[in-house]
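Here's the letter readout for the chains.
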Amino acid sequence: MSYAYLFKYIIIGDTGVGKSCLLLQFTDKRFQPVHDLTIGVEFGARMITIDGKQIKLQIWDTAGQEAFRSITRSYYRGAAGALLVYDITRRDTFNHLTTWLEDARQHSNSNMVIMLIGNKSDLEGRREVKREEGEAFAREHGLIFMETSAKTAANVEEAFINTAKEVYEKIQEGVFDINNEANGIKIGPQHSPTNPSLPSGGQGGMQGGGCC
Amino acid sequence: MEYFKSGLKSVLGAPQPGQQPSGADTVERLIQRVQTSTLLEDRRDACRALKALSKTYRLEVGAHGMDTLCYELVQDRNDSETIGYTLDALCNVLSPETFEEEEERGTDSVGGQFTEIFIKQSQNVTLVLEMLEEFEFHVRWPAVKLLSSMLAHRAREVQELVLTSPMGVSKLMDLLSDSREVIRNDALLLLISLTKGNANIQKIVAFENAFDRLFEVIASEGGLDGGIVVEDCLLLMYNLLRANPSNQNFFKEGSFIQKLTPMLQPGSEDGWAAQRAANCHALLQVLRTLVAPANPAQATSACQQIMRGSGLLGSLSDSLMASGVPADVLTETVCAVAEVMRGCGENQTFFSQVMAPSNPPRPALVVLLMSMVNEKQPLALRCAVLYCFQCFLHRNQDGQAQLAQTLLPATTEQVSGVTSGTLLCGGLFSPDTLTNWFSCVALSHSLVDNPGTKEQLLRVQLAPAEGHPGVHLLPQCLALLQQAQRPQTRLGLLQLLAQWLAHCSAAVGHLLSTPNAVAHLTAVVCDVSEEELVRGLSAFVLGLCVAFNDDAVVSFGRLALVQLINKRIGTEAFLDRVADVTRHEAYAKAAKHPQPTAATVADLLLDHEFCRLLKALENVVARAVAPKPEEVVEQVGSAQYKVLIRQQDEQLAQLSRQLSQVTVERDHLAAQVSQLAAQVAQLRDQNSVLKAAADEGGLQARVAELQQQVAKAAADQEDLLELMDDQEAKLTKYRNRLKQLGEKVEDDDEVEDEVAALTAQVVIN
């Protein structure tokens, strides 16, 4: 149960691109062909190992519908990683990426790692967005890119784990301030420095709360 | 000063117009000043004055000044003092309280009406939320209070507005880290009302590390021994978790359950301050919401496992047995233990082994049941114990069997003293009707979905007094049913019987062979003066006797009972009586939640499990009692068919066993055959190869042999020819000699022939 780090993730993208299915495949290792529309936000969690360290991923799967946009925006600020998902069989979901990215960049902290994911790679026959286009978009905006299939589980593990690796590297480089929980990173209970909770440090964090 | 002025007015009466500016005029003038003054100082002074007047002239300030005050929030945003006054004034106007000094006491909902006006402009709410980011105390604090006032009046709308304003909830969450306790505490109250009934806000608050914050605050306030702030923290936690599976999952995954355990440790010193009791109550609510029966089963069982593993169930059991626990906390603890073990085998086993520190030591369960059958205990506690016992037996076949075991003769001799079984059976005979009811319902739970205990309890005998011959439990219940006057006792007994008879033909047989049983039930169903529920339940029990009748009792076979019901009660009337139960208020209440609750003793009538049984078997009973014509025919023969079907089943099973055996054999043989065929083919090949090899070798040898023979023969022939020539020469010589000697010589021809024959012989050879 113990972990060295805890990372908070969010999954964003248009409705129906398979965000909830990606999460289900990652946490429960199963695929549900018919999935209810996500209302607001749903939570999932799993433990992974990076560099020999246990890392707990807490993932918030958001609703893609426009109606929930203002709710889902509340989750950007406290996340360390984001999976931005589109559907390779629906060009419009790819076209909306710019809007999503702007939204994310505006509301999140600047260090948030964003992974671009082209989902439904098992439906090669109905492909509308070429892999090269996804790669180009990712290169242009400084994102990591991967094509996945929540159905066959192809690359699903990799998507979550590679994002975590990136966050982990940023911690090692000192880019993230790990004592500020608003970054979406927490140190495990027994891994914290001398004092586990910092009750008096709250004020500074609170004043600078609107850092974005 | 204003207060003094208004006090004067109320003493002297309203001032004459023209003499002195009225309050309303003053307010009007101040509002104008805020609108028109170019100097910040003037506007600030006017705002301060408006704030001072906003209690006394609440209506005027609200009605005329609302827009101005809102505008002021934008206009002088950088002057925290002015903003502070403005917010204070708005606070008073929107407040849910009624002020003493208020001049015109309007209706109660003045604040509500002004709130409605205020939030009509959604940017006003956003504006107030932005004010929260201001660190100045006299801005931030009234902003918190203003939001609280709005939520008190228009929770739903304000919740939606907070959700739609960017980072609204996040800003509120930051307040929990404010070092100024007043703000932190008011923010707690604000968050409690903000999160009530809104899952989306609850999730965002949880996402913003609310649980971490709250545990920090609780720890800094001294845990359960802390003040009301601890209770507020726990209430907020409860709001965040209640009926919110996503947050519950987050709570579990974040290992927060483990943080609850140490809080349950016994208090520091002497006993239970009122606040500790309230805090403990709130804590128990929090953990109960994680294992509520209404939650998804998978989530509940995961939490239950953690609660046992982390020692929480152990701590709960300990505090259950501790002395001096206030009654309401004890009651809640019993319910918490109940839900932590409900349907979870390991936890049920754990709890069955908890011993009370009594002398002699008794199982905690027995001690609890003793308070259930004790009429001096508070009603709420007795209900809680019943619930706890029900949860212990819920999907717990072992626990059910153990209870039945304590009543069977073999073990009663060994186990001296009180057992749960003897307590409950004793409760059946108690003069207290509620004790009867509790005992019946508790016993009935040992029978739920368990054919084994239904059979076992049929063997239980009760001895009313020492030396008397024992009476079986089921006839005893029927006897009690006929003697009892009060509906509560009878309803208890009828529910016990119903659980027993369902799906158990043996129990039906026992009931039908008890004298007067059917007659009594029929009479009750027909009796118009009886209670509706008693009639309905009696009808249902009778119906179960039809539905699970295996025609073992000849006089009350299925068909006979159906005819009896039709003749004595009337089928329609009979079914109406059963349907009456499901329309009863008590049924709706009991069916809703497994926990039995009651404000008064008389409220306890129906049990949750019984309601489920009734719902499940209502149609079965209806079909059994009022079969369609073609079904009657079927039913008559159904016993025969059942036997036939059973035989055919056995035959089928046997045949399929045989078939599978034969199949295996056949496969085996087929394998052998193919193996042999392969062998044969191989051998044949080998054979032909060998044969070919053998043929070739033999011929050559033979040819050589024959050639040798031929050569030998030729040589022989040559020798013979030579020999013959010699002989011929010799012959000729001898002949000539003989001739010379004058001897008569034999026929030449003869010799010639002899020679020819010899020659021929040689040639042949």
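Everything quoted here is computed from the prediction, not taken from an experiment. (Residues numbered from 1 in each chain as written. Chains lettered and ligands numbered in written order. Predicted model: local features only at pLDDT ≥ 70, side-chain atom pairs only at ≥ 80, totals over all residues. Heavy atoms only, no water.)

Another point: a negative patch on the surface. Taken together, Asp716(B), Glu718(B), Asp719(B), Glu722(B), Asp725(B), Asp726(B) and Glu728(B) make up a surface patch of like negative charges. Assessed through its relative accessible area of 48%, Asp726(B) is described here as partly exposed. (Patch = residues over 30% accessible without salt bridge, like charges linked within 9 Å, V, L, I, M, F, W, Y side chains within 5 Å. Areas by Shrake-Rupley, 256 points an atom, 1.4 Å probe, with all protein chains shown as cover. Salt bridge = Lys/Arg side-chain N within 4 Å of Asp/Glu carboxyl O. Lys, Arg positive; Asp, Glu negative; His and termini not counted. Charge placed at Lys NZ, Arg CZ, Asp CG, Glu CD. Buried < 20%, exposed > 50% of the residue type's maximum accessible area, 1.4 Å probe, protein only.)

Okay, the packing of aromatic side chains next. Following the criterion strictly, the structure yields 22 aromatic pairs over all chains and no others. Aromatic pair Phe211(B) and Phe251(B): ring centres 4.9 Å apart, planes at 80 degrees, arrangement edge-to-face. One end of the pair, Phe211(B), is in helix α13 (residues 210-220); the other, Phe251(B), is in helix α15 (residues 245-253), and 40 residues separate them in sequence. Pairwise contacts between aromatic rings join Phe43(A), Trp60(A), Tyr75(A), Phe207(B), Phe211(B), Phe215(B), Phe250(B), Phe251(B) and Phe256(B) into one cluster. Taking NZ or CZ as reference, Lys145(B) lies 3.9 Å from the ring centre of Trp141(B), over its face. Over the face of the ring belonging to Trp272(B) we find Arg276(B), whose NZ or CZ atom lies 4.8 Å from the ring centre. (Phe/Tyr/Trp six-rings, centres within 6.5 Å; stacked < 30°, edge-to-face > 60°. Helix = DSSP H or I, 4+ residues; strand = E, 2+ residues; numbered from the N terminus. Lys NZ or Arg CZ within 6 Å of the ring centre and 35° of its normal.)

What follows concerns the domain arrangement of chain B. By the assigned domains, chain B splits into domain 1 (1-166), domain 2 (412-626) and domain 3 (638-764). Centre-to-centre separation of domain 2 of chain B and domain 3 of chain B, based on C-alpha positions: 99 Å. (Domains from an automatic or database assignment.)

Before going further, it helps to spend a moment on the pattern of salt bridges. Enumeration over the complete set of coordinates arrives at 42 salt bridges over all chains. Its salt-bridge partner being Lys186(A), residue Asp212(B) comes within 2.6 Å of it at the nearest N-O pair. You can see Asp212(B) sitting in helix α13 and its partner Lys186(A) sitting in strand β7 (residues 185-187), one on each of two chains. Per residue, the accessibility class of Asp212(B) equals that of Lys186(A), and both read buried. A salt bridge links Arg276(B) to Asp225(B), with the shortest nitrogen-to-oxygen separation between them at 3.2 Å. Here Asp225(B) lies in the loop between α13 and α14 (228-241) and Arg276(B) lies in helix α17 (residues 274-290), a separation of 51 residues in the sequence. By relative accessible area, which is 5% here, Arg276(B) ends up buried. A single network of salt bridges, built from pairs that share partners, joins Arg44(B), Asp45(B), Arg48(B), Asp79(B) and Glu81(B).

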